[in-house]
Each structure stands twice: as structure tokens, then as C-alpha cells.
Amino acid sequence: MKRENNKIRRSKRERGSTTFEAIMAIVILFLIVFSMLQIYHWCMTKQVCQYSAFFANKWVSLGYHDELALRAAKVAAIPICGRSVGSGDDDEAAAERYMIDGDNSGVQYEYWHPRNKTFDNVNLAVYRTSNSRETDITTTVKLENAPLLNPHLAQFLSIRKAPDPKASVDGYNYSKEYLE
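Remember, it's a predicted structure, so these values are computed and weren't measured experimentally. (Residues numbered from 1 in each chain as written. Predicted model: local features only at pLDDT ≥ 70, side-chain atom pairs only at ≥ 80, totals over all residues. Heavy atoms only, no water.)

**Student:** I keep staring at the overall build of the protein and nothing clicks. Help me out?
**Tutor:** Each helix and strand counted, the protein has five helices and three strands in total. When the helices and strands of the protein are listed from N to C terminus, the series reads α-α-α-β-β-α-β-α. When the 180 residues of the protein are sorted by exposure, 32% land in the buried category. Pairs at least 24 residues apart make up 61% of the contacts formed inside the protein by residues separated by at least 6 positions. Accessible area for the protein stands at about 12,500 Å²; split by element, carbon and sulfur atoms hold 57% of it. (Helix = DSSP H or I, 4+ residues; strand = E, 2+ residues; numbered from the N terminus. Buried < 20%, exposed > 50% of the residue type's maximum accessible area, 1.4 Å probe, protein only. Contact = heavy atoms within 4.5 Å. Areas by Shrake-Rupley, 256 points an atom, 1.4 Å probe, with all protein chains shown as cover.)

**Student:** In this structure, what is going on with the nonpolar core? I would like to understand it.
**Tutor:** Side chains of a nonpolar character, in soluble globular proteins, are inclined to be buried together. Of all hydrophobic cores here, the largest spans 29 residues; its most connected members are Ile80, Tyr109, Trp112 and Leu124. Listed by contribution, the elements that provide at least two residues to this core are helix 1 (2-61), helix 2 (66-76), helix 3 (91-101), strand 2 (136-144) and strand 3 (166-172). In terms of residues, this core owes the most to one element, helix 1, which gives six residues. (Core = buried A, V, L, I, M, F, W, Y, C linked by side-chain atoms within 4.5 Å.)

**Student:** So what exactly am I meant to see when it comes to a nonpolar patch on the surface here?
**Tutor:** On the surface, Ile26, Leu29, Phe30, Val33, Phe34 and Leu37 cluster together into a nonpolar patch covering about 590 Å² of accessible area. Locating Leu29 in the fold gives a position in helix 1. Judged by its relative accessible area of 53%, Leu29 falls in the exposed class. (Patch = residues over 30% accessible without salt bridge, like charges linked within 9 Å, V, L, I, M, F, W, Y side chains within 5 Å. Salt bridge = Lys/Arg side-chain N within 4 Å of Asp/Glu carboxyl O.)

**Student:** Would you mind going over the environment of Glu110 with me for this structure?
**Tutor:** By secondary structure assignment, the location of Glu110 is in the loop between helix 3 and strand 1 (123-130). With a relative accessible area of 15%, Glu110 lands in the buried category. For the pair Glu110 and Gly82, spaced 28 residues apart in the sequence, the C-alpha separation amounts to 5.1 Å.

**Student:** Help me understand the side chain of Thr139, please; the structure alone is not making it clear to me.
**Tutor:** With respect to the helices and strands, Thr139 occurs in strand 2. Ignoring sequence-local partners within four residues, the contact set of Thr139 consists of Ala53, Ala56, Asn57, Val126, Tyr127, Arg128, Ala167, Ser168 and Val169.

**Student:** Can you help me understand the packing of aromatic side chains in this one?
**Tutor:** Here a ring pair, both rings aromatic, is described through the centre-centre distance and the interplanar angle of the planes. In total, this model carries four aromatic pairs according to the counting rule given. With a centroid separation of 6.4 Å and an interplanar angle of 40 degrees, the aromatic rings of Phe55 and Trp59 are classed as tilted. Separated by four residues within a single helix, Phe55 and Trp59 lie in helix 1, roughly one turn from each other. In this pair, the class of Phe55 matches that of Trp59, namely buried. With a centroid separation of 4.5 Å and an interplanar angle of 40 degrees, the aromatic rings of Trp59 and Tyr64 are classed as tilted. Owing to a relative accessible area of 18%, Trp59 belongs among the buried residues under this scheme. On the basis of relative accessible area, Tyr64 is assigned to the partly exposed category, the value being 41%. The rings of Tyr51, Phe55, Trp59 and Tyr64 are connected pair by pair, giving a single aromatic cluster. (Phe/Tyr/Trp six-rings, centres within 6.5 Å; stacked < 30°, edge-to-face > 60°.)

**Student:** What am I meant to see in the pattern of salt bridges here?
**Tutor:** A side chain of one charge can pair with a side chain of the opposite charge when the charged atoms of the two come close. Under the criterion given, the structure shown has one salt bridge. Residue Arg71 is joined to Glu67 by a salt bridge in which the shortest nitrogen-to-oxygen separation is 3.8 Å. Taken together, the positions of Arg71 and Glu67, both in helix 2 and four residues apart, correspond to about one turn of that helix. The class for Arg71 is buried, based on a relative accessible area of 13%.

Next up, the structure:
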């Protein structure tokens, strides 16, 4: 009789430990999957920044005004600029209207012009630099304070500030050769 009771007790304990091990495995699996999603999101944001920097650099090197190059960079970065807060158009129509009319078009995205100038606000920044002869151009596009890492996950991993995805493109200013 005692042996049968011990067998029953052991099997209950083993079932409990199996459940605990399964829960721990699921937690670890979810941590890995969501970490991979964060990495994917950051890589895609960096890739869009690269495309936006290339697009702005191309416009400057072909001789377009800096304001048009900035518009081109913003339009190329629309996928990472948050929600549309200006017009209700689809992105393609909004991009076309913004390239023609600029800020007067009513096209506005969440990260183009921050609502307030706090440190934690997300902002799409486009920088252009050139050397003294102005034949080489560097364009940098950066999504400042990007909302990529969940604050609780960043705190758990001891990350104080999430990395800002940015990209720089160097180019030759062809417009200096044929527009002077």
C-alpha cells in the first residue's frame, strides 16, 4: 500500500516539474522571437535611412536645391516616419503632393516635425556636409530617439538608451562641374 502511494506522489511531482519546464521553455522561446523582431525592426529602419540618404545625396549631386533634396529624403523615409497626421491620402499621393508643394501641401508625418522639442521625442534628421571644394558630399539621415526597444526590455538588458538608426552616404557633386 505504501509503495502505491509513493508512486502516485512522485508522478504528481513530476507532472508539476514538467509544467514548470514547459513554461520556462516557452518564456525563453518568446524572448528569443521578440528579440529577433526587435533586431529585424532596427535593421529595416537602418536600411530605409540608407535609402533616404542615398536619395538626398543623389538630388544634391544632380544640382537640385537643398530644400528639394530635403523633401526627397523625407519622402524616401516615409516608411519609418510614423503615422500620417496631415492628410488622409495614401502614401504615394501624399509623397507626390509633398514633392510639389512642400510644407504647404498639408502632408505631415509624425516624426517629420516633432510636436514638442523634448529630448525623448522622435525626429527624422537629415544632415548634409561638403568639403571645402564642395565636390564631395556626405548626407546623413538619422531617426533620433527611435522607438525600437521596448523600455522594459531595454531596462532588463541594462541598455540606457536605444540605438539611433542612421546612415551616411558619400557622393561626388557632379553639379559643380556643369552648373558653374
